[in-house]
Amino acid sequence: MDEEERIEQERIEQEELARLETVPEPVRTNAKMFLKNKPKALPAAPEKGVWYVYRPKDCICSNGTPYYSTLKIGTENKLLVMFCGGGAAFNAHCAPRPNKYLPVEGEETYYVADTFVMGYFTGHNGVANKDIAANPFKDWSVVVISYGSGDFHCGDNDFEYDDLELGKGVCHHRGYKSYRAMVEKAKEYVPTPDKILVTGYSAGGFGTALLTDDIMTLFEKCRDVICMPDSGILKSEGFKTALATQWIAPKAVREQVITDNPTLDCLLYLHRKYGNRVKIALGCSYRDALLAQCQAFFGGAGMIFDEKYGDVFQNILRETVSVLRKEIPNVALYIFDKPHPEIPDKNLTEHCFIAADFMFDYRQDGVSMVDWAYDAVEGKPRQVGLHLLGL
């Protein structure tokens, strides 16, 4: 880091501390506790096995604040790309309604607006956890793509909205630039990895599917790539509109999506384009609570948790898995039935696992999540939990 960069980093950090004083309690106190353990800035010669924060130049979040995320250089010549989740601004109604520090009952919000504080810490658990001895990925290099753009990490647009209730504003859908800056920085330290695992959860699961092709063009010499979206399945015709007119994703990204099921489209595209160079794996709980909530929103019912939309989502997942098994016979699948701990009475299940430490202990049909993931990476795909979908 040169002197100019150091001064800029200090300026940003001072602005961050000032902003923290405007955050309501108890969030402010909790955030200050977190910040005591934030990673150091990425040096020119990073120590292996240590998390560092990187603030790519001119990269911003949806609300215009500086974007940042983290990376770790491992001892194995293998790279894990972790796309984080946090909702999405699916349309002009969602754009002016990001999440708030303290939720207001009855007020719908749709996405994480920036990487403030949590950008230092998200994406470090599950397969990226370097401190669990039993984790077969612990010595890999990891680049985390934290999320604060509302665009599945693939937007390249400043979207101007004029909301009847909230007025005019701009949502900076600049996820693509931030993602590329993080991965290109990781490439400086891991230029020719033997393996690349592209994974991510929730909105990051969609980012995984949408951007694996882009990553493969960046690492053309790598012949062993795994695309593993976690909890990133939804159906809506609105995705094509968002990709083309609101987020304005790069043409090569958005043209992968040809139906109302963007993840399925992208996985089939990868398989047809690259064949055995890319392995496909998909994991999701069979009645995912938050994905069912999104399907309720797409169905006009609002952001509600409802057993009916659990049924809708289960059918979408069944259809998706059926097509994948037909078109990609060696696809790895992990369908599980872990109940959602905060929604016990709607017959809905857990959301996401790849960046959660319960993946080391939880088993579906006797198979742990981490064993399933590692077997998929090693070319030994398993299809777990299909009976939950009647398959």
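Residues numbered from 1 in each chain as written. Predicted model: local features only at pLDDT ≥ 70, side-chain atom pairs only at ≥ 80, totals over all residues. Heavy atoms only, no water.

Student: It is not clear to me how the pairing of strand 9 (residues 225-230) should be interpreted in this structure. Could you clarify?
Tutor: Each regular strand carries side chains that alternate between the two faces of the sheet. The element strand 9 is largely enclosed, with a buried count of 6 among its 6 residues. Here strand 9 shows two buried faces, one formed by Val-225, Cys-227 and Pro-229 and the other by Ile-226, Met-228 and Asp-230. Sheet analysis places strand 8 (residues 195-201) next to strand 9, joined by 6 bridges and oriented parallel. Pairing of Ile-196 across the sheet is with Val-225, part of strand 9. Read from strand 8 through helix 4 (residues 203-218) to strand 9, the crossover connection turns out right-handed. Bridge count between strand 9 and strand 10 (residues 278-285): 4 bridges; the pairing is parallel. (Buried < 20%, exposed > 50% of the residue type's maximum accessible area, 1.4 Å probe, protein only. Helix = DSSP H or I, 4+ residues; strand = E, 2+ residues; numbered from the N terminus. Pairing = 2+ DSSP bridges. Right-handed = clockwise from strand over helix to strand, strands pointing away.)

Student: How should the nonpolar core be read in this particular structure?
Tutor: Soluble, globular proteins show a tendency: their nonpolar side chains are buried together. Counting residues in hydrophobic clusters, the biggest one holds 121 residues, and the most contacted among them are Val-81, Phe-152, Met-228 and Trp-372. For this core, the leading source of residues is helix 4, giving 8 residues. Residues Ala-31, Val-53, Tyr-68 and Val-117 belong to the second largest nonpolar core, which totals 10 residues. (Core = buried A, V, L, I, M, F, W, Y, C linked by side-chain atoms within 4.5 Å.)

Student: Whenever I open this one, the pairing of strand 4 (residues 78-83) confuses me. Can you help?
Tutor: The buried fraction of strand 4 amounts to 6 of the 6 residues, a majority that puts the element mostly inside the structure. Neither face of strand 4 is open: one carries Lys-78, Leu-80 and Met-82, the other Leu-79, Val-81 and Phe-83, and all of them are buried. Direction of pairing for strand 4 relative to strand 8: parallel, over a ladder of 6 bridges. In the sheet register, Lys-78 faces strand 8, and the bridge partner there is Lys-195. As judged from the 5 bridges shared by strand 4 and strand 5 (residues 141-145), these two strands associate in the parallel manner. Residue Leu-80 lies in a different strand from strand 5, and its bridge partner there is Val-142.

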